[in-house]
Amino acid sequence: MWGDLLDWIGTATESVLAPVASVLEPAADEAAWGWAVLLLGAAWRILTWPWLVSGARRRIDRQRGSEPDPDGGPGTFGRIGTAFGLAQFLLVVVIALWSRTGPSAEDAAFYGLETLSSPPVTQGLGGLAWAAALAVAGTAAGLLGQRAAGVDDQRQRFFARYIAPVVFACLGLFLPAAMVVPFAAAMALNAAAVRAAARGDRGPVEAAA
């Protein structure tokens with residue numbers, strides 16, 4: 001019974017990724033599944049850039065202890081942003097389940113990764129590079145947010161500079177590679193959004209909301 005449930009989960013989650021992988025396969029070949037994971041797990045949020053910037057601005061406001069930007073609040077714009085965030089969370093859950101149960105996960109390779117089903121720590125220099133990419137992107141997002149908010153609490157700064165890199169590196173090493181790839185991309189997007197928020201780049205959609 002347990003085996004049947006895992007088979008069902010693997011088939012169900014793979015059915016979400018398979019259409020994207022099939023479209024990409026002629027150009028990406030063996031990396032098609034990895035690109036599908038990257039696009040569905042994180043890269044589609046490029047199309048929702050104004051909401052990413054709004055979310056980054058709210059995080060900066062919370063760190064400052066000031067009132068959040070009302071444009072990102074309970075209005076239509078804020079509700080859409082919440083829906084996007086929920087969608088990304090659900091897609092990451094699908095990817096996580098697929099990495100452990102999907103029929104194609106074990107044979108799916110990506111740049112520097114022999115398989116998406118195993119942790120990067122088991123995959124040589126390519127796996128270490130992906131773990132490092134996640135550690136750098138995640139740490140950068142945190143440090144940029146603190147700088148934008150003017151955080152001067154030494155405990156917070158110590159955590160962001162020295163503890164967060166270790167946490168992200170461990171995640172990058174020991175999570176399934178199928179999760180590390182979109183996680184690293186999401187952190188890079190978050191870092192870019194924090195920079196845009198700090199510059200006051202509201203974006204055309206948010207400015208019109």
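In this numbering scheme, every chain counts its residues from 1 along its sequence in written order. Owing to the predicted nature of the model, reporting of local features is limited to residues with pLDDT of at least 70; listing and counting of side-chain atom pairs is limited to 80 or more, with chain, interface and lining totals taken over all residues. The basis for every side-chain value is the complete set of non-hydrogen atoms in the structure, without hydrogens or water.

Draft legend 1. Representation of the overall build of the chain. Secondary structure elements follow DSSP: runs of H or I no shorter than four residues count as helices, runs of E no shorter than two count as strands, and numbering proceeds from the N terminus. For the chain, the count of helices and strands is eight helices and zero strands. In the chain, the succession of helices and strands from N to C terminus is α-α-α-α-α-α-α-α. The size measure is the radius of gyration over C-alpha atoms, and the globule rule it meets is 2.2 Å times the number of residues to the 0.38 power. By the compact-globule yardstick of 17 Å for 209 residues, the chain fits well, its C-alpha radius of gyration being 18 Å. If you line up the chain on its principal axes, its C-alpha atoms span 50 × 40 × 40 Å. Residue burial is assigned from relative accessible area. The probe radius is 1.4 Å, only protein chains are included, and a residue is buried under 20% of its type maximum, exposed over 50%, and partly exposed in between. Across the 209 residues in the chain, those meeting the buried criterion constitute 44%.

Draft legend 2. Examining helix α7 (residues 177–198) more closely. The span you would expect from a helix comes to 1.5 Å times its residue count less one. If you check α7, its first and last C-alpha atoms are 32 Å apart, about what 22 residues at 1.5 Å a residue would give, namely 32 Å. The buried count for α7 comes to 16 of 22 residues, which makes it a mostly enclosed element. Looking one or two places after α7, you find Gly200, whose phi comes out positive at around 80°.

Draft legend 3. How the structure looks around helix α1 (residues 2–28). Here α1 is 27 residues long, yet its end C-alpha atoms lie only 34 Å apart, well below the 39 Å a rise of 1.5 Å per residue gives. A residue's bend is simply the angle between two axes: one fitted to the seven residues ending at it, one to the seven starting at it. The largest bend in α1 amounts to roughly 40° and is located at Leu17, with the proline Pro19 lying one to four residues further along. Those residues of α1 that sit buried are Ile9, Gly10, Thr13, Glu14, Leu17, Ala21 and Ala28. Here the buried face of α1 lies against α2 (32–41) and α4 (76–101). In what follows, a contact means two residues having at least one pair of non-hydrogen atoms within 4.5 Å.

Draft legend 4. Fine view of the pattern of salt bridges. We define a salt bridge as a contact between a side-chain nitrogen of Lys or Arg and a carboxyl oxygen of Asp or Glu at a distance within 4 Å. Counting across every chain of the model gives two salt bridges. Ionic pairing is found between Arg64 and Asp61, a salt bridge with its closest N-O pair at 3.8 Å. Highlighted residues: Arg64 and Asp61, both in helix α3 (residues 49–64), separated by three residues, approximately one helical turn.

Draft legend 5. Structural view of unusual backbone geometry. Even without being a glycine, Asp29 presents a positive backbone phi close to 55°. Note that Asp29 resides in the loop between α1 and α2. Looking at Asp29, the relative accessible area reads 52%, which means it is exposed.

Draft legend 6. Inspection of the nonpolar core at higher detail. To qualify as a nonpolar core, a set must consist of buried Ala, Val, Leu, Ile, Met, Phe, Trp, Tyr and Cys residues joined through side-chain atoms within 4.5 Å. In terms of nonpolar packing, the biggest core is built from 32 residues, with Leu17, Trp33, Trp98, Phe110, Leu113 and Leu116 touching the most fellow members. Put simply, the parts of the chain that give this core at least two residues each are α1, α2, α4, α5 (124–149), α6 (154–174) and α7. Per-element tally for this core: the top contributor is α7, with eight residues. In this structure Leu113 touches Pro120, Gln123, Gly126, Gly127, Trp130, Ala177 and Val181, once residues within four positions along its chain are discounted. Counting residues in hydrophobic clusters, the runner-up holds twelve residues, among them Leu52, Ala148, Val194 and Ala196.

Draft legend 7. Layout of the packing of α1 against α4. Relative orientation of the contacting elements α1 and α4 amounts to 125°, with a least axis distance of 8 Å. The angle between α1 and α4 places the two elements in the oblique class. In terms of crossing hand, the pair formed by α1 and α4 is left-handed. Between α1 and α4, the contacting residues are Leu6, Ile9, Gly10, Thr13, Glu14, Val16 and Leu17 on the first element and Leu91, Val94, Ile95, Leu97, Trp98 and Thr101 on the second. Three residue categories are used. Nonpolar comprises Ala, Val, Leu, Ile, Met, Phe, Trp, Tyr, Cys and Pro, charged comprises Asp, Glu, Lys and Arg, and polar comprises the others, including Gly. Each residue belonging to the contact of α1 with α4 can be placed in one class, and the counts come to nine nonpolar, three polar and one charged. Here, axes are lines fitted to C-alpha atoms. For helices the fit covers the stretch in contact, and angles between N-to-C directions go from 0 to 180 degrees. Angles are sorted into four bins: roughly parallel if under 35 degrees, roughly antiparallel if over 145, roughly perpendicular if 65 to 115, and oblique for all others. A crossing counts as left-handed when the near helix is turned anticlockwise from the far one by less than a right angle, and as right-handed when that turn is clockwise.

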